[in-house]
Amino acid sequence: AESLAAYDQEGALPGMSESMAGDEESMVGAMPPNSLFQGMFGGYGFHDHVVCTRLLPVARAVHWTQKYAEQGKPEHSPPPGLLAASSYDFSKRFAVSLKDGDLLVASPPFGNVSYKPAHPDAAQSPGNAMGRDSDTFGQNDGVLRWFEEYASRLAAGWYEVAPLHEFPYSKKAINLFPVKPPVMVSAVTRGVMVRATVLYAPEVVGGPIPGIFSYSIRFSLLSESDQLAHWPATAGPFRRMTSVQLQTRHWIIRDQNGLPVDEVQGDGVIGKFPILTPGGPEFIYQSCTHLENGDRGFMDGYFRFVEGTNRNPTGPIFDVICPRFRLEVPPFLY
């Protein structure tokens with residue numbers, strides 16, 4: 001919201017120098033707020049961070065590549081090639097290397113900028129659903145492999161068209177939180193389903209390791225028959241739950257060996273205490289975390305609910321398990 005307000009009031013985008021913002025021609029690549037969610041390559045949002053990446057027309061790509069090169073400042077480090085795609089405020093941007101054809105992503109976008117590959121080497125790339133076997137991959141085809149992998153994920157239903165954020169102005173777009181296993185995991189406890197999925201955001205600085213992991217959590221209360229199917233014997237005779245409400249959350253962050261390195265607990269989630277009803281819509285929220293050591297780890301935990309509501313409970317308090325999901329930098333970055 002602050003970024004949009006800054007755009008509306010100053011006519012400049014976050015991270016621009018005065019010379020870049022003051023140059024009327026430089027605004028040729030800027031996207032107005034109403035096109036924030038129209039990126040071909042999808043996006044995501046958590047807290048006050050929203051990105052949706054779109055392919056830049058060649059003229060704009062050349063223009064912005066030159067503008068970054070003219071700055072000569074570390075916070076506006078020029079891309080090692082041609083700027084090819086970006087979010088509306090350039091907080092996330094991709095460049096094509098003119099040396100080897102690799103697609104690179106800025107991490108972080110401002111400050112001590114570096115560019116990392118957005119795809120694995122040809123020798124490490126698996127085949128994909130577009131019909132190409134890995135044996136046909138060659139050198140200098142990184143952009144093609146990146147496109148093909150993205151297309152194969154869209155065709156396989158990895159991503160859905162959904163709002164990127166709970167902001168009132170958030171519109172539907174290709175949401176890059178995967179909704180297919182093994183990235184998405186799920187578990188049901190006493191009829192309450194939790195689904196969890198995660199992605200890596202290279203453009204956000206959250207700790208000693210560049211980038212941050214954003215996770216999306218979804219709660220729903222299943223139908224009476226599904227509640228019965230998942231009712232534990234230790235809970236006594238079955239009773240239909242017409243509503244449940246969240247009370248607290250408890251997260252365990254683990255290293256790559258599965259050993260706990262941190263715990264996070266608190267009331268509600270992002271300041272909310274959702275009430276779930278059978279067959280009602282999922283409650284979805286996004287948050288983020290980072291790893292202190294290494295670029296691999298895990299996260300799991302539980303959410304404490306009460307039957308009825310916090311104000312008018314109709315049954316006991318119980319813990320709903322969130323299964324363990326993996327935190328790791330994926331081979332393809334979108």
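Placed above this text is the structure.
Figured I'd write up the structure that's included with this text. Since this is a predicted model, take the numbers as computed values, not measurements. (Residues numbered from 1 in each chain as written. Predicted model: local features only at pLDDT ≥ 70, side-chain atom pairs only at ≥ 80, totals over all residues. Heavy atoms only, no water.)

**With respect to the overall build of the chain**
In step 1: The helix and strand inventory of the chain stands at five helices and 18 strands.
In step 2: The buried share of the chain, reckoned over its 334 residues, is 50%.
In step 3: Of all intrachain contacts in the chain linking residues separated by at least 6 positions in sequence, the fraction that spans at least 24 positions is 58%.
In step 4: For the chain, the exposed area adds up to about 15600 Å²; of that, 53% sits on carbon and sulfur atoms. (Helix = DSSP H or I, 4+ residues; strand = E, 2+ residues; numbered from the N terminus. Buried < 20%, exposed > 50% of the residue type's maximum accessible area, 1.4 Å probe, protein only. Contact = heavy atoms within 4.5 Å. Areas by Shrake-Rupley, 256 points an atom, 1.4 Å probe, with all protein chains shown as cover.)

**As for the pattern of salt bridges**
In step 1: Applying the stated rule across the entire model yields 13 salt bridges.
In step 2: Measuring nitrogen to oxygen at the nearest pair gives 3.0 Å for the salt bridge that ties Asp-141 to Arg-145.
In step 3: Notably, a salt bridge pairs Arg-324 with Asp-300, separated by 3.3 Å at the nearest N-O pair. One end of the pair, Arg-324, is in strand 18 (residues 313-328); the other, Asp-300, is in strand 17 (residues 296-308), with 24 residues separating them in the sequence.
In step 4: You can call Asp-300 buried: its relative accessible area is 10%.
In step 5: One continuous salt-bridge network, built from bridges that share partners, spans Glu-160, Arg-195, Arg-218 and Glu-282. (Salt bridge = Lys/Arg side-chain N within 4 Å of Asp/Glu carboxyl O.)

**A short note on a nonpolar patch on the surface**
In step 1: On the surface, Met-40, Leu-55 and Phe-147 cluster together into a nonpolar patch covering about 260 Å² of accessible area.
In step 2: Tracing the backbone shows Met-40 in the loop between helix 2 (18-22) and strand 1 (43-46).
In step 3: Classification of Met-40 as partly exposed rests on a relative accessible area of 43%. (Patch = residues over 30% accessible without salt bridge, like charges linked within 9 Å, V, L, I, M, F, W, Y side chains within 5 Å.)

**Some remarks on the sheet that holds strand 11 (residues 192-201)**
In step 1: Sheet architecture is open: four strands sit in the order 10-11-12-16, paired in antiparallel fashion. The open sheet has two free edges, formed respectively by strand 10 (185-189) and strand 16 (283-289), since each of these has just one partner strand. For this sheet the average axis-to-axis angle between neighbouring strands, irrespective of direction, equals 20 degrees.
In step 2: Here 10 bridges tie strand 11 to strand 12 (residues 212-221), and the two strands are oriented antiparallel to one another. Looking at strand 12, one finds that Met-193 is bridged to Ser-220. (Pairing = 2+ DSSP bridges. Axes fitted to C-alpha atoms, helices over the stretch in contact; angles between N-to-C directions.)

**A closer look at helix 3 (residues 58-71)**
In step 1: Compared with the 20 Å implied by 1.5 Å per residue over 14 residues, the 20 Å span of helix 3 between its first and last C-alpha is a close match.
In step 2: Turning to helix 3, its buried residues are Ala-61, His-63, Trp-64, Thr-65, Lys-67, Tyr-68 and Gln-71. (Expected span 1.5 Å × (residues − 1).)

**Section: the sheet that holds strand 6 (residues 103-107)**
In step 1: Read across the open sheet, the five strands follow the order 3-4-5-6-7; overall the sheet is antiparallel. On the outer flanks of this sheet lie strand 3 (54-55) and strand 7 (114-117), each paired with one strand and no other.
In step 2: Judged from the four bridges that link them, strand 6 and strand 7 form a sheet pairing that is antiparallel. Among the inter-strand pairings, Ala-106 is bridged to a residue of strand 7, identified as Tyr-115.
In step 3: Where helix 3 meets the sheet, its contacts fall on strand 4 (81-86) and strand 5 (93-97), and the angle it forms with strand 4 comes to roughly 115 degrees.

Scope: geometric values only; no functional claims are made or implied.
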